[in-house]
Amino acid sequence: MRKTLISAVMAACLMTGTSAVAQEFQFTFQSVDPAGNPNFAIQQAWTDRVKEMSGGRLTIELLPVGAVVEYNETQEAVGSGILDGHITDVSYFSGKDPAFGLIANPTGAWSSPDEMFRFINYGGGHELMNELEGPYGLRFIGATTTGLEGFVSARPLDGVDDLKGLKVRAPEGLIQEVFAAAGAVPVNLPYSEVYTALDKGVIDAADSTVFSTNHQQGLHKVAAHPVYPGFHSMPLVEVSMNLDKWNALPADLQAILTVSVRDFAQDSVAILSMNDLKAYAEATADPNITVHDWSADERARFRTIAMDQWAKVAERSENAQKVYDKLTTYLKSQGLLN
C-alpha cells in the first residue's frame, strides 16, 4: 500500500513537471515595417530564433504594419490585448506623453547604436521605459535600432541653412519640433506613403530610415540628394508586449525573450550597416544621385538646435522631465554632452 502511494505521488509529480515543461505560449506581434522590407526580414529571423531557443514552447507570429491596427495605434492594441506585442518606433506615441518622443529619439544625442544600447541596458533606460509603459499595460522587453538613419531629399542639402522651408516628413513629437526649430516644415506621414509623397512633390525630403532601405525602396530615384551618414535620427525601436501576458510567462521564457532581443539588436545594426555600405557604393556610382555628407560643424549646429528642444519638451510632463534628467545625466557621465 505504501509503495503504491509513493508511486502515485511520484507519478503525479512527474506529470506536473511534464505539463509545466510542455506548456506552450503563442503570441501575435505587429511590426512597424511592411512585409518584404529588410527590417521585417530581420524581425522574422528573431521570431524563428525565439522558437528554437525555447524548444518550441514560445512562438511569435509577426504581422506587417497595418495588419491589425494602424502603425500609431499598436500601443493601445497591445495594452488591451488585441495584439500580444509589437516592434515599433516609440516616438509614434508622443501624443500620449511627450516623454515617449524624448526617449525614443533624442535627436542628436547618439552617434552610434552602442551609445544608445549602453544607456538602455546599463544606464537606467530599460527601467525608465517600463516606468513609462507600465500604466499603458505594456512590458518593455528591449530595444533595437536601425542605426543612424540616412536622410532623403529632392533638394541639395549641405547644412542647417538648407533646411529652411524644406517640407520634410518626420514622426510626430520631438523630431518634428527639432526640424521646425531649424526652419523646416514638418509633415506627418507613415513610411508607406513617403515614396508617393516625394514623387508628387507633397514633401521635399524625409526622415525615413537607413540609407540602404531607402535606396532599395527607390527613394533616391525621386529624392536624388540623400545625406549620408545621417545627421539627425537614430530611433529607439522597442520590442514590448502585454504586461499581464509577460507576467504569466515562466522565468526562463522571460529570460529567453530578453536575451534574444539583445541578439536581435546586434543583428539589426550589423546587417543594416553592411547593407548601407553596399548601397552607398551603388549610389555614388550613379550619376543621377548626389550623396551629401555634412561637415562636423554643420552636424554640431543641428545638435545644438536639438538640445534646446529637449529642454522644452521636458517642461511638458513629469515623465518628460524624468527622461530629460536621466538622459542628460547619463550623457554627461559618459562625456557625450558637449
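Our structure is the block above this text.
A brief look at the structure comes next. Remember, predicted model here, so these are calculated numbers, not experimental data. (Residues numbered from 1 in each chain as written. Predicted model: local features only at pLDDT ≥ 70, side-chain atom pairs only at ≥ 80, totals over all residues. Heavy atoms only, no water.)

The next thing to look at is the packing of aromatic side chains. According to the stated counting rule, one finds 17 aromatic pairs in the structure shown. Here the aromatic rings of Trp46 and Phe264 are separated by 5.6 Å at their centres, their planes lie at 20 degrees, and the arrangement is stacked. Of this pair, Trp46 sits in helix α2 (residues 38-53) while Phe264 sits in helix α12 (residues 251-284), placing them 218 residues apart in sequence. Summarising the aromatic geometry, the rings of Phe179 and Phe302 are spaced 5.7 Å apart at their centres and angled 50 degrees between planes, so their arrangement reads as tilted. Of this pair, Phe179 sits in helix α7 (residues 174-181) while Phe302 sits in helix α13 (residues 296-314); the two residues are 123 residues apart in sequence, bridging distant segments of the chain. On the basis of relative accessibility, which here comes to 0%, the residue Phe179 falls in the buried class. Every member of this aromatic cluster is reached through a ring pair, and the members are Phe151, Phe179, Phe231, Trp294 and Phe302. (Phe/Tyr/Trp six-rings, centres within 6.5 Å; stacked < 30°, edge-to-face > 60°. Helix = DSSP H or I, 4+ residues; strand = E, 2+ residues; numbered from the N terminus. Buried < 20%, exposed > 50% of the residue type's maximum accessible area, 1.4 Å probe, protein only.)

Another aspect to go through is the pairing of strand β3 (residues 85-89). In terms of burial, β3 is a largely internal element, five of the five residues being buried. Burial along β3 is two-sided: Gly85, Ile87 and Asp89 and His86 and Thr88, pointing in opposite directions, are all buried. Bridging between strand β1 (residues 25-31) and β3 involves three bridges; their strand directions are parallel. Pairing of Ser31 across the sheet is with Ile87, part of β3. By the bridge criterion, five bridges tie β3 to strand β9 (residues 237-242) in an arrangement that is antiparallel. Paired with Asp89 across the bridge in β9 is Val237. (Pairing = 2+ DSSP bridges.)

Across the interface, helix α6 (residues 125-133) lies against helix α14 (residues 318-333) with an axial gap of 11 Å and an inter-helix angle of 175 degrees. Considering the angle they form, α6 stands roughly antiparallel to α14. Touching Leu128, Glu131 and Leu132 of α6 are Asn319, Lys322, Val323 and Lys326, all from α14. Considered class by class, the residues forming the contact of α6 with α14 number three nonpolar, one polar and three charged. (Axes fitted to C-alpha atoms, helices over the stretch in contact; angles between N-to-C directions. Parallel < 35°, antiparallel > 145°, perpendicular 65-115°, else oblique. Contact = heavy atoms within 4.5 Å. Nonpolar A, V, L, I, M, F, W, Y, C, P; charged D, E, K, R; others polar.)

The computed volume of the largest pocket comes to approximately 490 Å³. Lining of the largest pocket is provided by 33 residues; of these, Val32, Asp33, Asn39, Tyr92 and Tyr191 occupy positions nearest its centre. Secondary-structure elements contributing two or more residues to the lining of the largest pocket are α2 and α12. By volume, the second largest pocket amounts to about 370 Å³. The wall of the second largest pocket is formed by 21 residues, among which Gly108, Ala109, Trp110, Ser111 and Arg303 lie closest to the centre. (1 Å grid on protein atoms, 1.4 Å probe; cavity = no way out; pocket = protein on both sides within 12 Å on 5 of 7 lines; lining within 4 Å. Points joined across faces, edges and corners; volume = space filled by probe spheres on them.)

On to the sheet that holds strand β6 (residues 167-169), then. Here four strands make up an open sheet; going across it, the order is β5-β8-β6-β7 and the pairing mixed. Each having just a single partner strand, β5 (151-153) and β7 (185-187) make up the two edges of the open sheet. Averaged over all adjacent pairs, the angle separating strand axes in this sheet is 25 degrees, with direction ignored. Pairing of β6 with β7 involves three bridges; the strand directions are parallel. Bridge pairing in β7 places Arg169 opposite Val187. Contacts between α7 and the sheet are confined to β5, β6, β7 and β8 (205-207), with β7 contributing the most and set at about 155 degrees to the helix.

This brings us to the packing of α7 against α13. Two numbers describe how α7 lies on α13: the axes approach to 9 Å, and their chain directions differ by 125 degrees. Between α7 and α13, the angle is such that the two are oblique. Regarding α7 and α13, the two cross each other, and that crossing is right-handed. Across the interface between the two elements, Leu174, Glu177, Val178, Phe179 and Ala181 from α7 touch Phe302, Ile305, Ala306, Gln309, Trp310 and Val313 from α13. (Left-handed = near helix turned anticlockwise from the far one by under 90°.)

Here the focus is the side chain of Ser94. By secondary structure assignment, the location of Ser94 is in the loop between β3 and α4 (98-104). Judged by its relative accessible area of 10%, Ser94 falls in the buried class. A polar contact of 3.3 Å, which involves the side chain of Ser94, links it to the backbone nitrogen of Gly101. Those residues within four positions of Ser94 in sequence are excluded, and the remaining contacts are Phe100, Gly101, Glu172 and Gly173. (Polar contact = N/O pair within 3.5 Å; in protein donor to acceptor, adjacent residues only side chain to side chain.)

This next bit is on α13. Its 19 residues place the ends of α13 27 Å apart at the C-alpha level, agreeing with the 27 Å of an ideal helix rising 1.5 Å per residue. Turning to α13, its buried residues number three or more, namely Glu298, Phe302, Arg303, Ile305, Ala306, Gln309, Trp310, Val313 and Ala314. Buried residues in α13 make contact with α4, α7 and α14. (Expected span 1.5 Å × (residues − 1).)

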